[in-house]
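# Geometric and topological summary
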Amino acid sequence: MFRFICRRLVLSLITVWMVVTFTFLLMHHMPGELFVVKKNVPPQVLENITQKYGLDRPKLEQYFIYLGNVVRGDLGISMKYTNKSVNTIISKAFPVSVDLGLRALFIALSMGIILGIIAALNKNKPLDDITLFISVIGVAVPGFVLGTLSQYLLCYKLTGFLSRVTGSSFRLFPVSGWKGFSYTLVPSAVLAFGAMAIIIRMMRSSLLDVLELNYIVNAKVKGLSSREIITKHGIKNALFPIVSVLGPLSVSILLGSFAIEKIFSIPGLGHYLVTSVQEKDYTMVIGLSLFTSLIVILVNTITDILYSIMDPRVQLK
Amino acid sequence: MRFSKGIILLTTCLICFSMIFAGCSDPKKQEAFLEENILNISIGGEPEVLDPQLAIDVYPMRVINAVFEGLCRNDEKGVPMPGVAKFWDISEDKLTYTFYLREATWSDGTQITAKDFKDAWLRALDPNPKDHQPALMGYLLMCIEGAENYLYGEGSKEDVGIEAKDDKTLVVKLTKPTPYFLQIVSNSVAMPINSEFYSKQPLVEGMSKYGADIENVLGNGPYVIKEWNHNEDIVLEKNPNYWNAENIKLSTVNLRIIPDNSSAITSFKAGELDIVEISEAHQRDELKAKGAVVESYNTGATQYVSINNEDKYLKNVNLRKALVYGIERESLVNKVVKDGSEEAYAFVNPVVGGGNNSFRQETGDLVRRDNTAEAESFALKSLVELKLSDMPKLSLLVDDMETSKRDAQALQEMWRKNVGIEVEIETMSFESIQERMMQKDYQMVLLRWSGDYNDPTSFLEIFETENYFNIVGFNNSEYDSLMSKAREETDEKKRMNLLSEAEELLFKYMPICPLYYVHNSYAVKPKVKGLVRGSSAIQDMDFYWTYLE
């Protein structure tokens, strides 16, 4: 285990270095001017700004200065929010994304597993068809469509209807914002939907596979009740494939929430991931690439460790 | 049997869930929405920084206009009225302005002095500031004596003609009579700074945190910031220390940051917002039907196609005229844009004043209406002059905004139909467009221009030969001399005549193709009265006179 973690650490350092280098190269070769000005600003003023940020120096020099700062854990200052460091922006926005992501992950996992089990146990019966229907929607309909739709139906229509019926100012699901528990429900459910759909299908097929294995037959022969067979022997073994996709799935939930964050006005990191590229906020783009690659490495490492704990046959080398 | 059991279980689960959730929302906050004198607005985007000297976008300006105040501020019609300055004297030669400050304080109770303005203005001009980005908008103050040299790093701070005679008197010397100087004084860049507060701000990577967060802002305007949750909302509260506090009626303004306009509109319909911008035409009717008041206002910008006059084909004036007359502006505005925008038959926007009336009324339209028939004859003339047998294929650069692409497609169609010319649309980021147009490596580009102050020069100066933004490559000595004569002229009427003449001359050559004067639509709850949407960036949203009924 210790050797495994050490190896991962070294590999991740190399990955991060490559990410930083490539993004740096790409950003500095993007076409277009450094500063967008739709006004009659004298070129001298723009030059002053370029100098202030050291962007007039040779590219190689800029690269080494940046790399030196990254080693010290300093991602520089954002070029759009000119007096905020990239570190503070990430540290403020990422917890919100994590909060949303964890809620979504919880919903996706719990609902996905439950519905998957229901589907497997009712193979080819109406309940199976219902879960199939749900998961097809989850896979086929993109998050932003689902987000807009549920915002309209749940937050506007249903909530408006309820407050009219009860005659109070009480609002079940607010349309936009991030102010309390009631604000989190619809966005996290929408964000969870796609992942949940995948989990349902995986859980269903893996449970069906497991239930046909010899040791389950053996358990039946031993005379265990079907409930005991499923909860004690079936589900546990059927969960392995889900654990293996959990890594990529949680990364995509944590970092892929841009559309949902935008629709529901949630102050998370997704906004910066997209707009910083559009706005050519160099330091922000490189800093965020570095940060996301770190997250991916971390999540994958955790998944590997989790897997080895669950299944002693898998050894970390 | 099993099937129905499952369904029952699922529905029970869902009901339980929703009941738990329902119990958790905060009833106090919900009540607050309904309380009186609270205005809920969406501002569309997080202000990058609430530093009046550094702000350039409309999002920070909306907040800055409420939280800070300059020597003057724009009144309901956009005309400068006394702000921190109680009154002012203008010398005979119109070169010296003396401002007499009133007994006004910062929101922490300390007196505002003339030095606060001097410090702020010098800060905006500083070419090499130690702890902040050089101010982009500082160039507005270049009309002050010695300011240009200082901004360009050639002169010194001491030679700039701003003098704080005593605590309450500020004397400013200008290089030329600048009739729109009071407009500049009401702008964000000319708002004061409390130097003592500024010097106490912590540094982050060598940059002062001034304006980055709630504890880094000290204002003097009608409102103070009570809460600033980044990318979420900004809560403004009435400033009890404001000199005119008795006339400020709102107790709280809740500025929600909702980047997605359609969710802002859903929020508006659900009653979470009192004012919302309208970005798509069909939303106007829908919101009207819901009982909202839908209004539109002139943003002060002109949408136009900039034509590269140095291009091998487009240097021909008849070809340019063909392009200009090939546009059916009425149907462009009524069938394509559909947001209340007004068709443009000249360049200077109608909000710009020009003596007694607006400059537009004084000068009149400069492109004849609906002359698409003429477009073809101009096109034929140009073919002869250019010695071509077929119409050349032209390209139009367009930024990646939806509205720009929409306009470009309509233009392409009209030019094909009315002029018989093929135009290829090239969509790219504005940065790339900027690079290409600055190098004059383009044929046509769809642009939007708005002046930084309410004067025809802010529109007309971009066609002077030496101007940095003269991307059309217009080079006319007669025009240049008219403009410089207008700059020296102290008689307002004569000055306006010169500027009228200049614009008329400009349109003899048709260096650009004007399209429409940009209006924005917004919906507002009927209970909201006295909201001002001005035509300058600083007054885009002004709740100075706003109250709820």
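In short, a report on the structure. (Residues numbered from 1 in each chain as written. Chains lettered and ligands numbered in written order. Predicted model: local features only at pLDDT ≥ 70, side-chain atom pairs only at ≥ 80, totals over all residues. Heavy atoms only, no water.)

We now examine the overall build of chain B. Within chain B, the regular secondary structure consists of 18 helices and 23 strands. Since a compact globule built from 549 residues should have a radius of gyration of about 24 Å, the 26 Å found for chain B is in line with a globular shape. Dimensions along the principal axes, computed over C-alpha positions, put chain B at roughly 85 × 80 × 45 Å. Residues classed as buried in chain B amount to 59% of the 549 residues present. Sequence-distant contacts, at least 24 apart, represent 67% of the contacts inside chain B between residues at least 6 apart. (Helix = DSSP H or I, 4+ residues; strand = E, 2+ residues; numbered from the N terminus. Rg over C-alpha atoms; globule rule 2.2 N^0.38 Å. Buried < 20%, exposed > 50% of the residue type's maximum accessible area, 1.4 Å probe, protein only. Contact = heavy atoms within 4.5 Å.)

Let us now look at the overall build of chain A. Scanning chain A from terminus to terminus reveals 13 helices and 0 strands. Traced from its N-terminal end to its C-terminal end, chain A shows the element sequence α-α-α-α-α-α-α-α-α-α-α-α-α. In terms of C-alpha radius of gyration, chain A reaches 25 Å, well past the compact-globule figure of 20 Å for 317 residues. Taking the principal axes of its C-alpha atoms as reference, chain A extends roughly 85 × 65 × 30 Å. Within chain A, the fraction of its 317 residues that count as buried is 50%. Within chain A, contacts between residues at least 6 apart in sequence are counted, and of these 72% link residues at least 24 apart. When the accessible surface of chain A is split by element, carbon and sulfur atoms take 69% of a total near 15,500 Å². (Areas by Shrake-Rupley, 256 points an atom, 1.4 Å probe, with all protein chains shown as cover.)

Let us now look at the interface of chain B and chain A. Listed as interface residues are 73 residues of chain B and, on the opposing side, 62 residues of chain A. At the boundary of chain B with chain A, total buried surface from both sides reaches about 6,100 Å², with 59% on carbon and sulfur atoms. Ranking the residues of chain B by area buried against chain A places B:E48, B:N231 and B:E431 at the top, with a combined share of 10%. Across the contact surface, chain B and chain A share 6 salt bridges. Its salt-bridge partner being B:D213, residue A:K92 comes within 3.1 Å of it at the nearest N-O pair. Where chain B packs against chain A, one counts 15 residue pairs in polar contact (both at pLDDT 80 or more). Put simply, the parts of the chain that give the side of chain B that touches chain A at least two residues each are α1 (2-24), α2 (27-34), β9 (207-208), α8 (261-269), α15 (430-438) and β20 (444-450) of chain B. When residues in the side of chain B that touches chain A are grouped by element, the largest group, 9 residues, is from α1(B). Of the residues that constitute the side of chain B that touches chain A, the class distribution is 34 nonpolar, 18 polar and 21 charged. (Buried area = accessible area lost by both parts, 1.4 Å probe. Salt bridge = Lys/Arg side-chain N within 4 Å of Asp/Glu carboxyl O. Polar contact = N/O pair within 3.5 Å; in protein donor to acceptor, adjacent residues only side chain to side chain. Nonpolar A, V, L, I, M, F, W, Y, C, P; charged D, E, K, R; others polar.)

It is worth spelling out the packing of aromatic side chains at this point. Residue and element names in this part refer to chain B. Across all of its chains, the model carries 28 aromatic pairs over all chains by this definition. Here the aromatic rings of W121 and F181 are separated by 6.4 Å at their centres, their planes lie at 85 degrees, and the arrangement is edge-to-face. Of this pair, W121 sits in helix α4 (residues 114-125) while F181 sits in helix α6 (residues 181-185), and the two are 60 residues apart along the sequence. The class of W121 is buried, set by a relative accessible area of 0%. Relative accessible area serves as the criterion here: at 0%, F181 is assigned to the buried category. Between Y180 and Y453, the ring centres sit 4.0 Å apart and the planes meet at 5 degrees, which makes this aromatic pair stacked. A residue pair is termed long-range when its members are at least 10 positions apart, and Y180 in the loop between β7 (169-173) and α6 and Y453 in the loop between β20 and α16 (457-460) qualify at 273 residues. Across this residue pair, the class does not change: Y180 and Y453 are buried. Grouping aromatic residues by their ring pairs yields a cluster made of Y304, F347, F459, F463, F474, Y479 and Y509. Taking the ring centre of F268 as reference, the NZ or CZ of K525 above it sits at 5.1 Å. The positively charged end of R533 is found above the aromatic ring belonging to Y522, 4.8 Å away from the centroid. (Phe/Tyr/Trp six-rings, centres within 6.5 Å; stacked < 30°, edge-to-face > 60°. Lys NZ or Arg CZ within 6 Å of the ring centre and 35° of its normal.)

Below, the discussion takes up unusual backbone geometry. Positioned with a positive phi, B:E205 is a non-glycine residue whose angle comes to about 55 degrees. At B:K440, a residue that is not glycine, the phi angle is positive and equals roughly 55 degrees.

Time to look at the pairing of strand β19 (residues 423-428) of chain B. Residues and elements named next belong to chain B. As paired strands, strand β18 (residues 394-399) and β19 are joined by 6 bridges and run parallel to one another. Following the sheet pairing, L394 is matched in β19 by V423. Note that the unit made of β18, helix α14 (residues 402-418) and β19 has a crossover that is right-handed. (Pairing = 2+ DSSP bridges. Right-handed = clockwise from strand over helix to strand, strands pointing away.)

Here the focus is the sheet that holds strand β5 (residues 96-101) of chain B. Residue and element names in this part refer to chain B. Spatially, 4 strands are ordered β4-β5-β7-β6 in an open sheet, and the strand pairing comes out antiparallel. In the strand order of this sheet, the two ends are held by β4 (85-90) and β6 (162-166), each with one partner. Here the average twist between neighbouring strands, direction ignored, is 20 degrees. Sitting on the sheet, α4 is in contact with β5, β6 and β7, with an inclination near 165 degrees to β6. (Axes fitted to C-alpha atoms, helices over the stretch in contact; angles between N-to-C directions.)

The subject of this paragraph is the packing of helix α17 (residues 477-488) of chain B against helix α18 (residues 492-509) of chain B. Residue and element names in this part refer to chain B. The interhelical angle for the contact between α17 and α18, taken along N-to-C directions, is 160 degrees, at an axis separation of 9 Å. Taken together, α17 and α18 sit at an angle that is classed as roughly antiparallel. In this structure, α17 meets α18 at a crossing whose hand is left-handed. In this structure, α17 uses E478, Y479, L482, M483, K485 and A486 to contact α18, whose residues at the interface are R495, L498, L499, E501, A502, L505 and L506. (Parallel < 35°, antiparallel > 145°, perpendicular 65-115°, else oblique. Left-handed = near helix turned anticlockwise from the far one by under 90°.)

Summed over the entire model, instances satisfying the criterion amount to 40 salt bridges over all chains. We note a salt bridge from A:R57 to A:E61, for which the minimum N-O separation is 3.7 Å. The exposure class of A:R57 is partly exposed, given its relative accessible area of 41%. Overall, the relative accessible area of 36% leaves A:E61 in the partly exposed class. For B:R533, the salt bridge identified is with B:D540, shortest N-O distance 3.2 Å. The exposure classification of B:R533 matches that of B:D540, with both residues buried. Salt bridges linked by common partners bring B:R62, B:E277, B:R533 and B:D540 together as one network.

Turning to a nonpolar patch on the surface, a few remarks are in order. All names here are of chain A. Residues V10, L11, I14, W17, M18, F22 and L25 make up a contiguous nonpolar surface patch of roughly 680 Å² in combined accessible area. As for its position among the elements, L25 is in helix α1 (residues 2-28). On the basis of relative accessibility, which here comes to 42%, the residue L25 falls in the partly exposed class. (Patch = residues over 30% accessible without salt bridge, like charges linked within 9 Å, V, L, I, M, F, W, Y side chains within 5 Å.)

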